[in-house]
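Descriptive analysis of the structure
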Amino acid sequence: MTERTSLSACRRIVIKIGSALLVDRASGLRKAWLEAMCADIAGLAARGVEVLVVSSGAIAMGRAVLGIGAGALKLEESQAAAAVGQIALARAWSEGLSRHDIVAGQILLTLGDTEERRRYLNARATIGQLLKMKAVPVINENDTVATTEIRYGDNDRLAARVATMVGADMLVLLSDIDGLFTAPPHLDPKAEFLPFIPAITPEIEAMAGGAASELSRGGMRTKIDAGKIATAAGCAMIIASGKVDHPLRAIMDGARHSRFAPSPEPVKGWKTWIAGKLLPAGRLVIDEGAERALLTGKSLLPAGVQSIEGEFSRGDTVAVISHDGREIARGLSGYDAQEARLITGKKSADIEGILGYAGRAAMVHRDDMVMTAGGRSREKANA
Ligand code: GLU
C-alpha cells in the first residue's frame, strides 16, 4: 500500500540530501538528478512552501575533483577534499536553482554554531533572513574546519537541528534507504516496512541498531536520532529514497516512505535549543524521589542528586540520569561541577553554609530542563 504525503501543504521544509545521490564516485556530479531535484524544489516554492536544503557531498565531490580513489582519508585530507568539493557543490546548487529563478545562499555550520546559544541565534537569524528574501539556504557542515571530536559528522542530525532551529514543519531525509524496517532488510527476510511511526519508542530505537558507531554513521541510527530531535520540537520527518529522479514528486505520488509524526506536545523556543543539544558536558545521577518530582514538572534540587559525572561550568548542558541508568532529562546546570559535588544530596537550605554564598535552590531549574523520556507530557505546562 502506498501512502501519499502532501509536501505542498507544508509551510517550511528541510530536505537533507545524501552524498551518493548527488555525487558519483567515477563521474562526479549527478547533474540530471540535481536538475530534477531543483525542479521539485521550484514546484514547492511556487506553491508558497519555504524550502531549505541540507546538502551532503562536499567530501565526495572533492574526492571526484581531485581524483582521490576509494579508501579512508586522514582528517586533513577530508578537510581539504571538502574545501575543493564545497565550491563545486555550491556552484551546482546555485546554477541548478537559478534555472528556476531561485537564488541560493550557502550556509556552512559547525557543531559550535548550534550548541552555543548566541551562535545558534546568529545562524537562525541569517537563515531566517535568507528565507525572507525568498532565497533557498543550501546548508552543509563546515567540514574544512570541523575536527574529529567537535563535529556532527552526519548531516541527518545537522538537518534535524536546522529544522528545529527554523521551526520547520517537515524534515525529509533522502538517501538510498526508503524508510524504516523492523530489522535490517538485507539481513532479515522477515523484516517489515513501517510506513508510519507515531512515536519514537525504545522499540523503534532498537530497530535502528545499537549506539552510533563509525559503521552506522549516516545509517539508520543517525536518522532515528534526527527523528528524535525533529519530532520533539513538533516537526514531522520522512525517510524516503532519493534514488529516483524527482524524489519529492515521488513522495507526493505515493512512492513508499516512512513518516514520523511530530510530538503532540512539542517543546518550544528556548527549550527547543536545549532538547536538541548533542553534547552534554556531564551527568547528574538522581534518586527515585527526584525522578518522580521531575515527572510532575518540578526543578531538580541538590537533595535528589546522588552523584555527578564529568566537568562542566554553570550554564553547561547536563544529562539527568535515573538511578538505574536511563537518561530522563537534559538541562542547563545551575552550578559548576565542583560546587555541584559539594552540595550533592544536601538540602537547599544548607547550600549557603557549604558554599559560603546563597546559591540557587535548584541544581537544574525546570525552566532550563527538558524531559527526554517519559515526562514529555509535562513539558508543555512549563515551556
Ligand atoms: N558533510 C559531509 C559532506 O558534505 C557529509 C556528511 C554526511 O554524509 O552525512 O561531505
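Residues numbered from 1 in each chain as written. Predicted model: local features only at pLDDT ≥ 70, side-chain atom pairs only at ≥ 80, totals over all residues. Heavy atoms only, no water.

1. Things to note about the pairing of strand β4 (residues 50–55)
Within a regular strand, the side chains alternate between the two sheet faces. The buried count for β4 comes to five of six residues, which makes it a mostly enclosed element. Pairing geometry for strand β1 (residues 12–17) and β4, over six bridges, is parallel. Counterpart to K16 in the pairing with β4 is V54. The pairing of β4 with strand β6 (residues 136–141) spans two bridges and is parallel. What sits directly across from V54, in β6, is I139. (Buried < 20%, exposed > 50% of the residue type's maximum accessible area, 1.4 Å probe, protein only. Helix = DSSP H or I, 4+ residues; strand = E, 2+ residues; numbered from the N terminus. Pairing = 2+ DSSP bridges.)

2. Brief notes about the nonpolar core
With 45 residues, the main nonpolar core has V14 and L171 as its most contacted residues. Considering each element in turn, this core owes the most residues, six residues, to helix α7 (residues 155–165). Membership of the second largest hydrophobic core comes to 36 residues, among which are L34, V136, V138 and L248. (Core = buried A, V, L, I, M, F, W, Y, C linked by side-chain atoms within 4.5 Å.)

3. Regarding the site of the ligand
Neighbouring residues of the ligand: S19, S56, G57, A58, I59, N140, D143, G153, D154 and N155. Here an oxygen atom of the ligand and a backbone polar atom of G57 are 3.0 Å apart. One of the backbone N or O atoms of N155 is found 2.7 Å from an oxygen atom in the ligand. Burial of the ligand by the protein amounts to 85% of the accessible area it has alone, namely 300 Å². Counted by class, the shell around the ligand contains two nonpolar, six polar and two charged residues. (Near = heavy atom within 4 Å. Polar contact = N/O pair within 3.5 Å; in protein donor to acceptor, adjacent residues only side chain to side chain. Areas by Shrake-Rupley, 256 points an atom, 1.4 Å probe, with all protein chains shown as cover. Nonpolar A, V, L, I, M, F, W, Y, C, P; charged D, E, K, R; others polar.)

4. Structural notes on the environment of D367
Mapped onto the secondary structure, D367 falls in the loop between α14 (351–355) and β17 (369–371). With 324 residues separating them in the primary sequence, D367 and G43 have C-alpha atoms 41 Å apart.

5. Side note on the sheet that holds strand β15 (residues 317–321)
Read from one edge to the other, the open sheet built from five strands follows the order β14-β13-β15-β16-β17, with strand pairing classed as mixed. Every other strand in the sheet has two partners, leaving β14 (305–309) and β17 as the edge strands with one partner each. Strand-to-strand, the axes of this sheet are offset by a mean angle of 20°, without reference to chain direction. Examined bridge by bridge, strand β13 (residues 282–286) and β14 share four bridges and lie antiparallel to one another. Each residue of the ladder has a partner; that of V285, found in β14, is S307. Helix-sheet contacts for helix α12 (residues 288–295) involve β13, β15, β16 (327–332) and β17, and the interaxial angle to β13 is about 105°. (Axes fitted to C-alpha atoms, helices over the stretch in contact; angles between N-to-C directions. Contact = heavy atoms within 4.5 Å.)

6. Describing helix α2 (residues 31–46)
Compared with an ideal rise of 1.5 Å per residue, which puts 16 residues at 22 Å, α2 spans 22 Å between its outermost C-alpha atoms and is within 8% of the ideal. Buried within α2 are the following residues: W33, L34, A36, M37, C38, D40, I41, A42 and L44. The positive-phi residue at the C-terminal boundary of α2 is G48, with phi of around 85°. (Expected span 1.5 Å × (residues − 1).)

7. Brief notes about the sheet that holds strand β12 (residues 257–260)
The sheet built from eight strands is open, its strands ordered β5-β6-β4-β1-β7-β11-β12-β10 with mixed pairing. What marks the edges here is a single partner per strand, and that holds for β5 (104–109) and β10 (196–197). Of the strands in this sheet, β1, β4, β6 and β7 (170–175) are in contact with α2, which crosses β1 at around 170°. Sitting on the sheet, α7 is in contact with β1, β4, β5, β6 and β7, with an inclination near 170° to β1.

8. Remarks on the confidence of the model for the chain
On average, residues of the chain carry a pLDDT of 90, and 95% of them reach 70 or more. Counted against residues more than four places away or in other chains, residues 211–217, with its pLDDT under 50, gives nine contacts. Segment residues 374–383 is flagged for pLDDT under 50; beyond a separation of four residues in sequence, or across chains, it makes 24 contacts in the model. (pLDDT = per-residue confidence, 0-100.)

9. Focus: the pairing of β12
The pairing of β10 with β12 spans two bridges and is classified as parallel. Each residue of the ladder has a partner; that of F196, found in β12, is R259. For strand β11 (residues 236–241) and β12, the ladder comprises four bridges, and the chain directions are antiparallel. By the bridge assignment, I238 is partnered in β12 with R259.

10. Let's talk about unusual backbone geometry
The phi torsion of most residues other than glycine is negative, and most of the peptide bonds are trans. You will see that D101, though not glycine, has its phi angle at about 60°, which is positive. Counting through the fold element by element, D101 comes out in the loop between α4 (75–98) and β5. Residue classification places D101 among the exposed residues on the basis of a relative accessible area of 73%. One non-glycine residue, H246, lies in the positive phi region at around 55°. Examined against the element boundaries, H246 turns out to sit in the loop between β11 and α10 (247–253).

11. Some thoughts on the environment of S56
Counting through the fold element by element, S56 comes out in the loop between β4 and α3 (58–66). Separated by 34 residues in sequence, S56 and A90 place their C-alpha atoms 11 Å apart. S56 has contacts with K16, I17, G18, S19, L22, L89, N140 and N155, leaving out every residue within four places of it along the chain.

12. Examining the packing of aromatic side chains
What the rule picks out here adds up to three aromatic pairs. Centroid distance F181 to F193: 5.2 Å. Interplanar angle 75°. Geometry classified as edge-to-face. Of this pair, F181 sits in strand β8 (residues 180–181) while F193 sits in strand β9 (residues 193–194); the two residues are 12 residues apart in sequence, bridging distant segments of the chain. Judged by relative accessible area, which is 14%, F181 ranks as buried. Looking at F193, the relative accessible area reads 17%, which means it is buried. Cluster of aromatic residues (ring-pair linked, three or more members): Y120, W270 and W273. A cation sits over an aromatic face here: R256 above F193, 4.0 Å from the ring centre. (Phe/Tyr/Trp six-rings, centres within 6.5 Å; stacked < 30°, edge-to-face > 60°. Lys NZ or Arg CZ within 6 Å of the ring centre and 35° of its normal.)

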